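Here are the chains, one letter per residue:
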Amino acid sequence: TSKTPSALPSQSLMPSTSSAPTQEFVIVTIEIKLDDYPGETGWNITNDTADVIYQRAFETYSSKETVYERVSLRFGFSYTLNLLDYYEDGQHGRVILYLGDAPDRNSILGHYDSTTAFSTFSVHSIPFLVDEGGILDNIFPTTFPTEAPSFRP
């Protein structure tokens, strides 16, 4: 006996659930402005239990430039980017973390800038949240002053 398919789809009044919900991953872009000793710079990203998720070893970079790294991280979770300096005299550069696959001043998750001040460290940690709520406000000015500052009291 063959059955003829019904013209109406079957419906269930009970919603289905999954014991393994899907996890959303997003791209985070890391911008690193390297200093005069790029081979001394390394980094890693750890999760909230200090497990290393991504890393770049010392000697990965060989020229003073700005590099961009893209990593895939779980949305809604907290991480820490650890900027490492092999010689332990500090990195005279800059690091900016962006939510998304391209640098965008409106999606900065964290930053560190030692281009204007000398810094000495072996590890500099930047905690960040991968979420729209983790985006920092007003990190960099969107417009620059049109006149030189006055030194009059």
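As the structure is a prediction and not an experimental result, all values here were calculated from the model. (Residues numbered from 1 in each chain as written. Predicted model: local features only at pLDDT ≥ 70, side-chain atom pairs only at ≥ 80, totals over all residues. Heavy atoms only, no water.)

Caption draft 1: Here's a closer look at the overall build of the chain. Summing up its helical and strand segments, the chain has 0 helices and 8 strands in all. Beginning at the N terminus, the succession of helices and strands in the chain can be written as β-β-β-β-β-β-β-β. Just so you have it, the chain exposes about 10,700 Å², and 52% of that area is on carbon and sulfur atoms. (Helix = DSSP H or I, 4+ residues; strand = E, 2+ residues; numbered from the N terminus. Areas by Shrake-Rupley, 256 points an atom, 1.4 Å probe, with all protein chains shown as cover.)

Caption draft 2: View of the sheet that holds strand β8 (residues 123–129). Spatially, β3-β2-β5-β8 is the arrangement adopted by the 4 strands of the open sheet, whose pairing is antiparallel. Whereas interior strands pair on both sides, the edge strands pair on one side only; in this sheet they are β3 (52–56) and β8. On average, adjacent strands in this sheet sit at an angle of 15 degrees to one another, irrespective of strand direction. In the sheet, strand β2 (residues 41–46) pairs with strand β5 (residues 78–85) via 6 bridges, with the strands oriented antiparallel. Across the sheet, the residue bridging to Asn 44 is Asn 82, located in β5. (Pairing = 2+ DSSP bridges. Axes fitted to C-alpha atoms, helices over the stretch in contact; angles between N-to-C directions.)

Caption draft 3: Main features of the sheet that holds strand β1 (residues 25–33). If you trace the 4 strands from one edge of the open sheet to the other, you get β4-β1-β6-β7, paired in antiparallel fashion. What marks the edges here is a single partner per strand, and that holds for β4 (66–74) and β7 (108–113). In this sheet, neighbouring strand axes are inclined to one another by 15 degrees on average, regardless of whether the strands run parallel or antiparallel.

Caption draft 4: Seen up close, the nonpolar core. By size, the foremost hydrophobic cluster in this structure holds 22 residues, and its most contacted members are Ile 30, Ile 45, Leu 81 and Phe 128. Only β1, β2, β4, β5, β6 (94–99), β7 and β8 provide two or more residues apiece to this core. Looking at this core element by element, the count peaks at 4 residues for β1. If sequence neighbours within four positions are ignored, Ile 45 has contacts with Ile 30, Asp 51, Val 52, Ile 53, Tyr 54, Val 71, Leu 73, Tyr 79, Thr 80, Leu 81 and Phe 128. (Core = buried A, V, L, I, M, F, W, Y, C linked by side-chain atoms within 4.5 Å. Buried < 20%, exposed > 50% of the residue type's maximum accessible area, 1.4 Å probe, protein only. Contact = heavy atoms within 4.5 Å.)

Caption draft 5: Here's a closer look at the environment of Gln 55. Among the structural elements, Gln 55 can be located in strand β3. Considering only alpha carbons, one finds Gln 55 and Asn 44, 11 residues apart in sequence, at a separation of 4.0 Å. For Gln 55, the residues in contact, after removing those within four places along its chain, are Trp 43 and Asn 44.

Caption draft 6: Highlighting the pairing of β5. Extensive coverage of β5 is indicated by the burial of 6 of its 8 residues. As judged from the 7 bridges shared by β5 and β8, these two strands associate in the antiparallel manner. Across the sheet, residue Asn 82 finds its bridge partner in β8, namely Ser 125.

Caption draft 7: Up close: the side chain of Asn 82. Assignment of secondary structure puts Asn 82 in strand β5. On the basis of relative accessibility, which here comes to 11%, the residue Asn 82 falls in the buried class. In this structure the side chain of Asn 82 is engaged in a polar contact, spanning 2.8 Å, whose partner is the side chain of Asn 44. Not counting residues up to four positions away in its chain, the partners in contact with Asn 82 are Gly 42, Trp 43, Asn 44, Thr 46, Val 123, His 124 and Ser 125. (Polar contact = N/O pair within 3.5 Å; in protein donor to acceptor, adjacent residues only side chain to side chain.)

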